[in-house]
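Reading the structure
These are the residues of each chain, in order.
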Amino acid sequence: APGGGTAFNGLTANIPTDSLAVGTYTVRARVRDAAGNWSTGIRSATLTVTWPPFYFSTSGNSNPPGVGGTSDDSDIYFYNSGFSRAVDVSASPVSVPTSANVDGLVRVDNTHFYLSFADNVTLPVIGTVQDEDIVFYNAGTWSVYFDGTARGLTSNNNTTAGNLDIDAFDIVGSTIYFSTFGNSNPPGVSGTADDADIYAWNGTAFSRVFDASANGVQGNANVDGLSLTDATHFYLSFSGDTTLPVIGAEQDEDIVRYNAGTWSVYVDGTTLGLTSGNLDIDAIDIP
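Because the structure is a prediction, the values reported are computed rather than measured.

1. With respect to the overall build of the protein chain
- Helix and strand counts for the protein chain stand at 0 helices and 22 strands.
- Its C-alpha atoms give the protein chain principal-axis dimensions of roughly 80 × 45 × 35 Å.
- In the protein chain, which comprises 287 residues, the share counted as buried stands at 45%.
- By sequence separation, contacts in the protein chain at least 24 residues apart represent 44% of the contacts at least 6 residues apart.
- When the accessible surface of the protein chain is split by element, carbon and sulfur atoms take 47% of a total near 13500 Å².
- Between the averaged position of the 9 positive side-chain charges in the protein chain and that of its 31 negative side-chain charges there is a distance of 21 Å.

Okay, here's the thing in structure tokens:
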């Protein structure tokens, strides 16, 4: 007890960990009472910093470390101090063809989620959906959530075929935020097109909400995973290794965070064992 007084319990403290590397730390503390008397002893505790949990899909057919069963680049995996398969997308009743590759993901829970695909895919009941579309799986039932074809994300806009395919997206409220496979602007958007930019569809029109090159992203980078809080706070993965301001080179199995102008590494997929090309992250959802 401070100054030889009565012992007390219930003291708490908040320790910021954003700047700490993954690992184990020893935290030591003393306390002082209102009279300025310090405790005679020092208390210590162990603090373990781990990578945060995240959902993802991969660019190829390989299981993350520790995951058994048949690998599939459409499956939804989960990391939380270890890898697991959250949804076997090819199994019934989800029944996505094994040839499909998920390249965009928003998960509500394991029976309710939104997906986009790298190529056209035939799904139960609704049939063929294009790679510029977003579909919704609702506990056994598929539906088209966003018809990108009908909104002009096609090769008919004097663009190269496939440039306007959606290869990363998030849904916040009623707004869809997305990035594209190639360097073409969505209809009505002006300025220099970039497949690392983030665009929005508000139900009426497209707009650019994040100019990647203006924020230090190298010109040949391509965003292939997006989880967004708002237009200045979001998480990205890239389809190839990319150099970013301050943090430098990032691999395509990593997830980075953009925090109102500041870049940081959110998940180092390399240290988690996502080292083969098949295990590159190409769709993310941050809980």
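Next comes the rest of the write-up.
2. Side note on the packing of aromatic side chains
- All chains considered together, the criterion is met by 21 aromatic pairs.
- Residues Y55 and F78 carry aromatic rings whose centres are separated by 4.3 Å and whose planes lie at 20° to one another, so their mutual orientation is stacked. Pair noted here: Y55 is in strand β3 (residues 54–58) and F78 is in strand β4 (residues 76–79), with a separation of 23 residues, a long-range link. Of the two residues examined, Y55 and F78, each falls in the buried class.
- Judged by centre distance (5.8 Å) and plane angle (35°), the rings of F178 and Y199 are tilted.

3. Some remarks on the confidence of the model for the protein chain
- Scored by pLDDT, the protein chain has a mean of 90; 91% of the residues are at 70 or more.
- Considering only residues more than four positions removed or in separate chains, one finds that residues 156–160, a stretch of pLDDT under 50, has 7 contacts.

4. A short note on the sheet that holds strand β7 (residues 112–117)
- Ordered by their spatial adjacency, 4 strands build an open sheet running β6-β7-β10-β11, and the pairing between neighbours is antiparallel. The sheet is open, and its two edges are formed by β6 (102–109) and β11 (141–146), each paired on a single side. Taking each pair of neighbouring strands and ignoring which way they run, the sheet shows an average axis angle of 25°.
- Pairing geometry for β6 and β7, over 6 bridges, is antiparallel. Across the sheet, the residue bridging to V106 is Y114, located in β7.

5. Structural notes on the environment of Y137
- By the secondary structure assignment, Y137 is in strand β10 (residues 134–138).
- Overall, the relative accessible area of 3% leaves Y137 in the buried class.
- Separated by 139 residues in sequence, Y137 and S276 have C-alpha atoms that sit 29 Å apart.
- Here the side chain of Y137 touches G140 through a polar contact of 3.1 Å, landing on its backbone nitrogen.

6. What about the pairing of strand β5 (residues 83–87)?
- In terms of strand pairing, β4 meets β5 through 4 bridges, oriented antiparallel. Residue F78 lies in a different strand from β5, and its bridge partner there is S84.
- Taken together, β4 and the strand that follows it, β5, pair antiparallel across an intervening segment of 3 residues, in which S81 is found at a positive phi of about 65°.

7. Focus on the pairing of strand β21 (residues 262–267)
- For strand β20 (residues 255–259) and β21, the ladder comprises 5 bridges, and the chain directions are antiparallel. Bridge pairing links Y258 to W263 in β21.
- If you look at the hairpin formed by β20 and β21, you'll find 2 residues sitting between the two strands, and A260 has a positive phi there, around 50°.

8. Here's the deal with the sheet that holds β20
- In space, the 4 strands of this open sheet follow the order β16-β17-β20-β21, with antiparallel pairing throughout. Across the chains shown, the open sheet's two edge strands, defined by having one partner strand only, are β16 (223–230) and β21. Strand after strand, the sheet turns through a mean of 25° between neighbouring axes, direction not considered.

9. Comments concerning the nonpolar core
- One finds L115, F117 and W142 to be the most contacted residues of the largest nonpolar core, which totals 20 residues.
- Counting residues per element, this core draws most heavily on β7, which supplies 3 residues.
- In terms of nonpolar packing, the next biggest core, distinct from the first, is built from 19 residues, F210, A221, F234 and L236 among them.

10. Observations regarding the side chain of D72
- Of note, D72 is situated in the loop between β3 and β4.
- One buried charge, D72, has no salt-bridge partner; the nearest side chain with opposite charge is R85, at 7.7 Å.
- Polar side-chain contacts of D72 include one of 2.9 Å to the backbone nitrogen of S74.
- Not counting residues within four places of it along the chain, the set of residues in contact with D72 comprises T58, G60, N61, Y77, S90, T98 and A100.

What counts as what
- Counting restarts for each chain: residues are numbered from 1 in the order of the written sequence.
- Note on the predicted model: pLDDT of at least 70 is required for a residue's local features to be given, and 80 or more for side-chain atom pairs to be given and counted; whole-chain, interface and lining totals, by contrast, use all residues.
- As a rule here, side-chain values cover all heavy atoms of the structure and leave hydrogens and water aside.
- Helix and strand assignments follow DSSP, with helices taken as H or I runs no shorter than four residues and strands as E runs no shorter than two, numbered in order from the N terminus.
- Each residue gets one of three labels from its accessible area relative to the maximum for its type: buried under 20%, exposed over 50%, partly exposed in between, using a 1.4 Å probe on protein chains only.
- When checking whether two residues touch, look at their non-hydrogen atoms; a contact exists if any pair is within 4.5 Å.
- What sets the accessible areas is the Shrake-Rupley method with a 1.4 Å probe; for residues, cover comes only from the shown protein chains.
- Note on charges: Lys and Arg go in the positive column, Asp and Glu in the negative column, and His and the chain ends are not counted at all.
- Lys charges are placed at NZ, Arg charges at CZ, Asp charges at CG and Glu charges at CD.
- Only Phe, Tyr and Trp rings take part, Trp by its six-membered ring, and two of them pair if their centres are within 6.5 Å. Stacked means planes under 30 degrees apart, edge-to-face means over 60, and tilted covers everything else.
- pLDDT expresses, on a scale from 0 to 100, how confident the predictor is about each individual residue.
- Any two strands between which DSSP finds at least two bridges are classified as paired.
- To get an axis, fit a line to the C-alpha atoms, keeping to the stretch in contact for a helix; angles then go from 0 to 180 degrees between the N-to-C directions.
- A 3.5 Å cut-off defines polar contacts: any pair of N or O atoms within that distance qualifies, except that in protein one atom must be a possible hydrogen donor and the other a possible acceptor, and neighbouring residues in sequence count only when both atoms are side-chain atoms.
- Only buried Ala, Val, Leu, Ile, Met, Phe, Trp, Tyr and Cys residues count toward a nonpolar core, and they belong to the same one when joined by side-chain atoms within 4.5 Å.
- We define a salt bridge as a side-chain nitrogen of Lys or Arg found within 4 Å of a carboxyl oxygen belonging to Asp or Glu.

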